[in-house]
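Now for the letters of each chain:
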Amino acid sequence: MPQQDRAYATREAILHAAAEEFDRLGYERTSLTAVLARAGLTKGAFYFHFPSKEAVADALVERQSELWARLKESWRLRGLDPLSTLHGMFAESAGRIAADVVLRAGVRLNADREVGYPGVPSSHVLWEKLVAAYVAEAGERGDLRAGADPEAVARTLCSAALGSRLISSATSACADFPERIREVLGHVLPCVAAPEWKLSGSQTASEVP
């Protein structure tokens, strides 16, 4: 294996091992010793790629941020109506989180870092704003019931999604997160969408690889 490929494989092994520990125990309770044991690496190999445990956590947070940016863009390019786009993004996000421990750890690390910093724009606030914009656009198209408040809908969806992730993480390591999100979408969207609105072109969480 070429040196560059070996270096990439080692870095990925560190990220995956750290992700499994962070996902299981959180940042504070995860030890570098446990990460090294899981990855089967020496401290020297670790420090060649990362200067600290915090640097690994930073890399995992950055990776999940990049993935969400790509996911949002991919759904935007499908040209679906706003509510169908929201359904697709939530469903695919849940499926990916359930299937990928590296992503799941990044999500947990990012959320844990935001605790205790009120007033600072967080990923949760940014998601609420994004969802509210889609719901407002749906209203402009006539796809909402009369009186539906886009910001309230966004808060409800995002709060339900966050609660579902936390409960799913604690009870099934997020294995049932896609089903929980399907339930959230199935209850919330019909209550706020206009009667004539129909879901179109949306991938369900169970279809995400």
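Residues numbered from 1 in each chain as written. Predicted model: local features only at pLDDT ≥ 70, side-chain atom pairs only at ≥ 80, totals over all residues. Heavy atoms only, no water.

Draft legend 1. Inspection of the packing of aromatic side chains at higher detail. Tallied over the entire structure, the rule returns 4 aromatic pairs. Look at Phe 46 and Phe 50: their rings are 6.0 Å apart centre to centre, the planes differ by 40°, and that puts the pair in the tilted class. Residues Phe 46 and Phe 50 agree in their burial class; the two are buried. One aromatic cluster in this structure is built from Phe 46, Tyr 47 and Phe 50. The ring of Tyr 27 carries the charged tip of Lys 53 above its face, separated from the ring centre by 4.2 Å. Against the face of Trp 75 rests Arg 78, its NZ or CZ located 3.6 Å from the ring centre. (Phe/Tyr/Trp six-rings, centres within 6.5 Å; stacked < 30°, edge-to-face > 60°. Buried < 20%, exposed > 50% of the residue type's maximum accessible area, 1.4 Å probe, protein only. Lys NZ or Arg CZ within 6 Å of the ring centre and 35° of its normal.)

Draft legend 2. Quick peek at the confidence of the model for the chain. Averaged over all residues, the pLDDT of the chain is 91; the fraction at 70 or higher stands at 92%. Contacts for the low-pLDDT stretch residues 204-209, under 50 throughout, to residues beyond four places or in other chains number 12 contacts. (pLDDT = per-residue confidence, 0-100. Contact = heavy atoms within 4.5 Å.)

Draft legend 3. Seen up close, the side chain of Thr 30. Tracing the sequence through the fold places Thr 30 in the loop between α1 (3-25) and α2 (32-39). Residue classification places Thr 30 among the buried residues on the basis of a relative accessible area of 4%. Aside from chain neighbours lying at most four places away, what touches Thr 30 is Glu 21, Phe 22, Leu 25, Val 35 and Lys 53. (Helix = DSSP H or I, 4+ residues; strand = E, 2+ residues; numbered from the N terminus.)

Draft legend 4. Region of the structure containing unusual backbone geometry. Residues other than glycine seldom take positive phi values, yet Ala 173 does so here, at roughly 55°. Its location among the elements puts Ala 173 in the loop between α8 (150-172) and α9 (177-192). Its identity as a non-glycine residue notwithstanding, Cys 174 has a phi of 70°, on the positive side. Its location among the elements puts Cys 174 in the loop between α8 and α9. Residue Cys 174 is classed as buried on the basis of its relative accessible area of 1%.

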